[in-house]
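One-letter residues, chain by chain:
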Amino acid sequence: MATSAVVVGAVVTAAVAADPAAVVAAEPCDELEPDLLRRLRPLFGTVPPSGGITFAVIRGDRRTVACRGYADRAADRPVRADSRFGLGAVTETFTALLLADMVARGEVRYEDPIDRYLPAGLAPGYPHERPITLLHLATHTSGLPRLPGGLAASAAPRWFTDPYATFSAAHLLRALPRTPVRGTPGAQVRYSHLGTGLLGLVLANAAGRRYQDLLTSRICEPLGLIDTSCGTGPEEITSYRRGRSLPSFRIPALPGAAALRSTADDMLRYLQAHLAVDVVPIPERTGAAASLQVALRDVCEPRVVRRRSGTRICLAWNQRQHDGRELHFQAGSTRGCSTFIGFGRAAQVGLVVMANTQPCSRRKFTQLAQQALLGLVGPVDAGEAFAG
């Protein structure tokens, strides 16, 4: 992997700006600029001594990757910029970007019913006068339950090892006809891992390719995300829960919902692509430049509003207003990793936080990450966050 020695907090080098495969060298958190260290320090306390945490930060033309703690405590291996973390539900933003790219290419439409891309007779039961569409899946308005039927029962015997590994796409398809739909599709936001996982499956069916292969060719390769995939690989972190190591997380039935792993280096590039759509360096040889730039704009457009919180739902992204500016964010976790990503285009600020342990309070981790992002954007009141 190519590296460029960049002082933390310094102006990004020309190599990093022009080459999506270039990386920013990670530095220990204690060597951060004082203001940035002050913003991020509260997050240190969410990770126990056995775990580690890494940050990718964009502030205008400055790029920062910083690490603290261990990728594997038993092996005394520190977290690095190329350590691979489970993204959990942040995977959904990649699946949504894939949807928007396929729409921009004219391969699918947002209003397409999911029946079109499923085997005959395997769609969930719902009123056919208002079918579930691809857009419903991407905005959590399908009415589908959070998880597919049978997943919990399959996971229970392996809850402390690898709970979802034996629940396959075949199990998912068999469960779909018996899956209830609550209310009219499109009427209400109800978070559903099943919905976003099903979106990954139907997009793969529409393209005639596996989800991982499709995502790699359409999203990861064009954006230079060289260490982002559903499988394990070099520099894999060891996940921890309450100080005990856990096996790598697998979820073969729903890769589009929570299966991706990535690094701080790759997530920095992913942030940059969302912040600088017009100048993101997408190689023409990939054939993705035009459609992917359209898609990067499209995923950030609000589609529905949560009634209580006022959060606007885009394609997998949540959007809230802060000081008159729009901020986009998403959070995710597996049994042993926690991730937050957020950005503000007007302020040209972005933040990714990844930890290889599930904090004692996942909600506290997300709220502190939100507060850190708000602080990078501008003045923030103590305790302010925009979850919901």
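Everything that follows concerns the structure shown earlier in this document.
First, a word on what this report is: a plain description of the structure on this page. (Residues numbered from 1 in each chain as written. Predicted model: local features only at pLDDT ≥ 70, side-chain atom pairs only at ≥ 80, totals over all residues. Heavy atoms only, no water.)

Re the overall build of the chain
If you tally the helices and strands in the chain, you get 12 helices and 14 strands. Residue burial in the chain is summarised as follows: out of 388 residues, 57% are buried. Approximately 15,400 Å² of the chain is accessible, and the part contributed by carbon and sulfur atoms is 52%. (Helix = DSSP H or I, 4+ residues; strand = E, 2+ residues; numbered from the N terminus. Buried < 20%, exposed > 50% of the residue type's maximum accessible area, 1.4 Å probe, protein only. Areas by Shrake-Rupley, 256 points an atom, 1.4 Å probe, with all protein chains shown as cover.)

Describing the pattern of salt bridges
Across all of its chains, the model carries 20 salt bridges by this definition. Across the pair Arg80 and Glu235 runs a salt bridge, and its minimum N-O distance is 3.4 Å. On the criterion of sequence distance, the pair formed by Arg80 in the loop between β4 (77-78) and β5 (85-86) and Glu235 in the loop between α8 (211-223) and β6 (239-241) is long-range, its members being 155 residues apart. A relative accessible area of 39% means that Arg80 is categorised as partly exposed. Taking the relative accessible area as the measure of exposure, Glu235 reaches 28% and is therefore partly exposed. (Salt bridge = Lys/Arg side-chain N within 4 Å of Asp/Glu carboxyl O.)

Let's talk about unusual backbone geometry
Backbone geometry places Asp76, a non-glycine residue, at a positive phi of 55°. Within the secondary structure layout, Asp76 lies in the loop between β3 (62-72) and β4. In this structure, His140 takes a positive phi of about 60° despite not being glycine. By secondary structure assignment, the location of His140 is in the loop between α4 (134-138) and α5 (151-155). The class for His140 is buried, based on a relative accessible area of 5%.

Considering the packing of aromatic side chains
Going through the model one piece at a time under the given rule, you end up with three aromatic pairs. Arranged with centres 6.0 Å apart and planes meeting at 55°, the rings of Phe44 and Phe55 form a pair that is tilted. Of the two residues, Phe44 sits in helix α2 (residues 34-44) while Phe55 sits in strand β2 (residues 52-59), which places them 11 residues apart along the sequence. With respect to class, Phe44 is no different from Phe55; both count as buried. Consider the rings of Phe94 and Tyr270, whose centres lie 4.0 Å apart with planes at 5°: the pair is stacked. In this pair, Phe94 sits in helix α3 (residues 91-104) while Tyr270 sits in helix α10 (residues 264-275), placing the two residues 176 residues apart along the sequence. For Phe94, a relative accessible area of 0% puts it in the buried group. (Phe/Tyr/Trp six-rings, centres within 6.5 Å; stacked < 30°, edge-to-face > 60°.)

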